[in-house]
Amino acid sequence: MSKRLGDALQGDRLELTTYVSLPMVLFVVMTKASYTRTQAGPLIVGVGASAGGLEAFQELLASIGDTPNLAIVFVQHRDSASDSLLANLLQKSTSMSIVELAGRKKLRPDTLYLCPPHTLLDLRKGIVSTSTRGEGGKAGVIDHFFHALAEDQGERGVGVILSGSGSDGTLGLKAISDCGGMTFAQSEESAKFDSMPRSAATTGVADHVMAPADIATELLAYAKYLDGLACETSESSLKKRIEDSISLITNSLIDATHHDFKHYKTNTLVRRIKRRMQVLKIGSVTEYVNHLSSTDEECQALFRELLIGVTAFFRDPEAFASLQEQVVPKLFAGRSADETIRIWVAGCANGAEAYTMAILCREAMDELTNPCKVQIFATDIDERALRLAREGTYPSGIEDHIRPEHLKRYFLRRGIKYQVGKEIRDLVLFSQHNLISDPPFSRQDLICCRNLLIYLGPHLQKKLIPLFHYALRPGGYLFLGPSENITSHGELFRSVDTKQHISQRKGTVVGKTPTLTMHRSSTTALVSGTREPDAATDLTALRQRILLDEFAPKSCVINESGQVLDAAANLEKYLSIVDGIFQNNILNIVNSGLRVGLRAAIAAAKKTALRATHDNMSMRVGEMVQRVMITVQPMPQVGEQEPLYMIVFHDAGLPVNREDAQSLVYGKSHDADAVIAQLELELETTRHDLDKSVQDMESTNEELKSSYEELLSMNEELQSANEELETSKEEIRATSDAVARANSDLENLLRSTQIATVFLDDELRIRSFT
């Protein structure tokens, strides 16, 4: 009974009625829950190899020995002829159960799984599934499984690259590393063919480079470390201890690398620090902090770990297709041959995204008879990644991301790798640049910053978006990653493609903050010296400055929605900050006596695109009454992408004391008739504005009623279509039932005849038989 119950707990699901009676259901459910908490499942190890990899894998298996909680999946480039021999050869090197994968299987501990030839493996929730690949398709089978392993297992995934020709597995190892897993590569001197492990080692995606026997030792120690970590502490408590030590860790990084990671997202920091602890097999956070502060090599390793270079050619193809269709043609439109399009790729990592942008530009240039120049600035703070980008050499796995025609034209095959061609290499300039602390590039037509903001905290994100706005030309474009958005900066950018996160710069003035922080080395001390004589006083400039400061009317600039974008000083008389949530709409903050007239003037300027003036208004200023005229001037040259308007407040005469105005009205002065006439004029103007507002509101109500009726009509049509679909569904169901009955009757008839019958198709293949 206990054995069968244990088997049930190890299985894919628990069938209570098969093993226990009803009174024991509660016991079994609690036992299953406790089992899943203490047993996280086997540690899945993906091993990729090609030529010469069988001997290395046999050495690895012999050194591993008995592994009760390892599930090893072996993916090798092999042909169908060796299919039946591999299991027999490996059985001599291990006591593990060997299973040839087919269909769907749940991975079990202490089991070795073999990938059939020309087969792709996918992994989901610990269940591996197979799909057939063409006979000629060798490259990419290891990468494919490693990517699936990384997505499914996360930080519990392990990837190993052994001897082989080519570069299959390098991109897959990088995916495992990016998700927090452990990666190994065989050392060059121990490999019969060192191309595959050397590719993984030189690109920096392998945590350990060693002989197969040493890989086995390190792998067993790593598995033991994970088991001990699960027993000693919970995930939440370890995360809490790392969070408490982040300040100490970031201070060590600042001292060693001069880069500050304090404002990165806490979850990102915790995840990458935890991975370094797993690589070093350090279970105590205090021990790791001490190791970090005393070892410069570990500071550099953690620094590279935090620079998560998750990138690829044409990553998110739909996004680049939208960019090529909606943005790239506009960059070239109206440009002469001596002009230059400037593009900034921030956080370029290994350069794949920068070269992708170069390919899009090159294709656009081919369609023009006399195209302008293109200069792409690709920047990153990781010098090692920049060296790889400048070299422009990539593993053969990029075939899965780049179309064949692009590979043929823009890349050169160099043995087992691809080299970027000179045609697009000349368009890209790589440079080391810290986006957070270094001054940004300026006058850019397009900024591509994808999947970088998601690793930064809100504090940095709020400052980087205005920085991008500053760096772009008027009407320039911003291209972000699929998990990034700028919804909180709607005043700076308008959406071009919301789904693909492509935005365009608005003509908004932002504060003069071209950089977020400055390096200590960038500050220059003032040196005392001989003072130069003052230049001759420019009376014209002085006169104009005094005129503007003292006598010119006050003004501000708004956008189409009424948001104040720029304002002159000392506007408190006309605009005021109201109590409660901050309001930036001019109609909400303007003096109440001017609100109706300002709304009418703005509406007139929007409708006619001409200057609109509204006078005969008055407002209270303390104990005084001030007559005001408002002018709304469209600004088409500045607001080509979005209409902008200048609001000018003109004071009509000097303010009048309210008591004096009342005395005038009640006949205590001979100017009473003039004051009454002024008040009547203001009242008439206000009535006219209100009548116009009422007419506009009635027109809007009519449009809303019309839209509502259209929606009702559409709703009725949809209901009718739904009823027709229900009727069709019933007819299809009745037909299906009739076919099923006819099929059943025919089957019963054939069986009852006792006549041997074989049914063939046109190609003489057996379809069914009795």
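Visitor: What am I meant to see in the overall build of the protein chain here?
Guide: A count of helical and extended segments in the protein chain gives 26 helices and 28 strands. Considering the protein chain as a whole, with its 770 residues, one finds that 43% of them fall into the buried category. Contacts in the protein chain between residues far apart in sequence, at least 24 positions, make up 67% of those at least 6 positions apart.

Visitor: Would you mind showing me how to read the state of the cysteines here?
Guide: Put plainly, two cysteines are in a disulfide when a covalent bond ties their sulfur atoms together. Summed over all chains, the structure comprises zero disulfides. Unpaired in this structure, Cys 449 has its nearest cysteine sulfur neighbour in Cys 448, at a distance of 7.5 Å. Owing to a relative accessible area of 0%, Cys 449 belongs among the buried residues under this scheme.

Visitor: Hey, could you run me through the side chain of His 208 in this one?
Guide: Its location among the elements puts His 208 in strand E10 (residues 208-210). Here His 208 falls in the buried class, since its relative accessible area comes to 13%.

Visitor: I would appreciate a short explanation of the sheet that holds strand E2 (residues 70-76) in the present structure.
Guide: Strand pairing in a sheet is mediated by backbone hydrogen bonds. Such pairs are either parallel or antiparallel. The seven strands are arranged E3-E5-E2-E1-E8-E9-E10 in an open sheet whose pairing can be described as parallel. The open sheet has two free edges, formed respectively by strand E3 (97-100) and E10, since each of these has just one partner strand. For this sheet, the mean inter-axis angle between neighbouring strands, taken without regard to orientation, is 20 degrees. Pairing of E2 with strand E5 (residues 111-114), which is carried by four bridges, proceeds in the parallel orientation. Looking across to E5, one finds that Phe 74 is bridged to Leu 114. Docked against the sheet, helix H4 (residues 53-64) engages strand E1 (43-49), E2, E5 and strand E9 (182-186), running at close to 170 degrees with respect to E2. Contacts from helix H8 (residues 195-202) reach E1, strand E8 (158-161), E9 and E10 within the one sheet, and its direction differs from that of E9 by about 135 degrees.

Visitor: How should I be thinking about the nonpolar core in this particular structure?
Guide: Nonpolar side chains in soluble globular proteins generally cluster together in the buried interior. Judged by nonpolar contacts, the single largest core of 78 residues is most densely connected at Phe 57, Leu 90, Leu 112 and Phe 468. Apart from the residues lying within four places of it in its own chain, the contact partners of Leu 90 are Leu 54, Phe 57, Gln 58, Leu 61, Phe 74, Ile 98, Leu 112 and Leu 114. Listed in part, the 46 residues of the second largest apolar core include Phe 320, Leu 360, Ala 364 and Phe 411.

Visitor: Honestly, the sheet that holds strand E15 (residues 417-420) in this entry has me stumped. Any pointers?
Guide: The three strands are arranged E13-E15-E14 in an open sheet whose pairing can be described as antiparallel. Two strands in the sheet have a free side with no partner beyond their single neighbour: strand E13 (393-395) and strand E14 (411-414). The sheet shows a mean angle of 35 degrees between the axes of neighbouring strands, taken without regard to direction. Where E14 lies against E15, four bridges are found, and the strand directions are antiparallel. Within the sheet, the bridge partner assigned to Arg 413 lies in E15 and is Tyr 418.

Visitor: What should I look at first to understand the pairing of E5 in this one?
Guide: Sheet faces and side chains relate simply in a regular strand, where the side chains alternate between the two faces. Side-chain alternation along E5 places Thr 111 and Tyr 113 on one buried face and Leu 112 and Leu 114 on a second face that is also buried. In the sheet, E3 pairs with E5 via four bridges, with the strands oriented parallel. Within the sheet, the bridge partner assigned to Ser 97 lies in E5 and is Thr 111.

Visitor: Help me understand the confidence of the model for the protein chain, please; the structure alone is not making it clear to me.
Guide: Segments scoring low in pLDDT should not have their predicted coordinates read at a detailed level. In the predicted model, the protein chain carries a mean pLDDT of 79, and the fraction of residues at 70 or more is 84%. Long-range and interchain partners of residues 1-39, a stretch whose pLDDT sits below 50, account for 26 contacts in this model, where long-range means more than four residues apart. pLDDT under 50 marks residues 512-537. Its contacts with residues more than four places away, or in other chains, come to 19 contacts.

Visitor: For this particular structure, what's the right way to read the packing of helix H15 (residues 317-326) against helix H17 (residues 352-366)?
Guide: Two quantities define a packed helix pair, namely the angle between the helix axes and the distance between the axes. At their nearest, the axes of H15 and H17 sit 11 Å apart, and the two run at 35 degrees to each other. Two packed elements cross with a definite hand, and for H15 against H17 that hand is right-handed. In this structure, H15 contributes Phe 320, Leu 323 and Gln 324 to the contact, and H17 contributes Glu 353, Thr 356, Met 357, Leu 360 and Glu 363. Among the residues making up the contact of H15 with H17, the classes are represented as four nonpolar, two polar and two charged.

Visitor: Would you mind showing me how to read a nonpolar patch on the surface here?
Guide: Together, Val 758, Leu 760, Leu 764, Ile 766 and Phe 769 give the surface a local cluster of nonpolar side chains, amounting to about 570 Å² of exposed area. Elements represented by at least two residues in the nonpolar patch include exactly strand E27 (758-760) and strand E28 (766-769). Here Ile 766 lies in strand E28.

Visitor: Would you mind going over the packing of aromatic side chains with me for this structure?
Guide: Centre-to-centre distance and the angle between the planes together describe a pair of aromatic rings. Evaluation of the coordinates by the stated rule reveals 13 aromatic pairs. An angle of 50 degrees between the planes, with centres 6.4 Å apart, marks the rings of Phe 145 and Phe 146 as tilted. By relative accessible area, Phe 145 is classed as buried at 0%. Of the residues examined, Phe 146 reaches a relative accessible area of 0% and is grouped as buried. Between Phe 313 and Tyr 394, the aromatic rings sit 4.9 Å apart at their centres with planes inclined by 85 degrees, giving edge-to-face as the arrangement. Separated by 81 residues along the polypeptide, Phe 313 in the loop between helix H14 (296-306) and H15 and Tyr 394 in strand E13 bring together distant segments of the chain. Residue Phe 313 shares its accessibility class with Tyr 394, and that shared class is buried. Joined through ring pairs, the aromatic side chains of Phe 313, Tyr 355, Tyr 394, Phe 411 and Phe 430 make up one cluster.

Visitor: Quick question: what am I supposed to make of the packing of helix H13 (residues 285-294) against H14 here?
Guide: Running from N to C, H13 and H14 cross one another at 105 degrees; their axes reach a closest spacing of 5 Å. Between H13 and H14, the angle is such that the two are roughly perpendicular. Taken together, the residues of H14 that come into contact with H13 (itself represented by Tyr 288, His 291, Leu 292 and Ser 294) are Asp 296, Glu 298, Cys 299 and Leu 302.

Calculation criteria
All residue numbers here refer to positions counted from 1 along the written sequence of the relevant chain. At least 70 in pLDDT is required for a residue's local features to be given in this predicted model, at least 80 for side-chain atom pairs to be given and counted, and no such filter applies to totals for whole chains, interfaces and linings, which use all residues. Water and hydrogen atoms were dropped before computing side-chain values, which therefore reflect all heavy atoms in the structure. Secondary structure elements are defined from DSSP: runs of H or I of at least 4 residues count as helices, runs of E of at least 2 residues count as strands, and each element is numbered from the N terminus. The rule is simple: take the accessible area with a 1.4 Å probe, protein chains only, and divide by the maximum for that residue type; under 20% is buried, over 50% is exposed, in between is partly exposed. Any pair of residues with heavy atoms lying within 4.5 Å of one another is described as a contacting pair. Pairs of cysteine sulfur atoms within 2.5 Å are what we label disulfides. Strand pairing is assigned whenever DSSP detects at least two bridges linking the two strands. A fitted line through C-alpha atoms serves as each axis, taken over the contacting stretch for helices, and the angle formed by two N-to-C directions is quoted from 0 to 180°. Among buried residues, the Ala, Val, Leu, Ile, Met, Phe, Trp, Tyr and Cys ones that are joined through side-chain atoms within 4.5 Å form a nonpolar core. By definition, pLDDT measures how confident the predictor is in each residue, and it falls between 0 and 100. Here a crossing is called left-handed whenever its near helix is offset anticlockwise from the far helix by less than a right angle, and right-handed whenever the offset is clockwise. Asp, Glu, Lys and Arg are counted as charged, while Ala, Val, Leu, Ile, Met, Phe, Trp, Tyr, Cys and Pro are counted as nonpolar; the rest, among them Gly, fall into the polar class. Patches were defined on residues exceeding 30% relative accessible area and lacking a salt bridge, with like-charge contacts within 9 Å and nonpolar side-chain contacts (Val, Leu, Ile, Met, Phe, Trp, Tyr) within 5 Å. In short, Shrake-Rupley with a 1.4 Å probe defines the accessible areas, and a residue's cover is counted only from the protein chains shown. Salt bridges are identified by distance alone: a Lys or Arg side-chain nitrogen within 4 Å of an Asp or Glu carboxyl oxygen. Stacked, tilted and edge-to-face are the three classes applied to pairs of Phe, Tyr and Trp rings, where Trp contributes its six-membered ring and a pair requires centres within 6.5 Å; stacked means planes under 30 degrees apart, edge-to-face means over 60, and tilted covers the rest. Comment on the angle field: the value is read as roughly parallel under 35 degrees, roughly antiparallel over 145, roughly perpendicular from 65 to 115, and oblique elsewhere.

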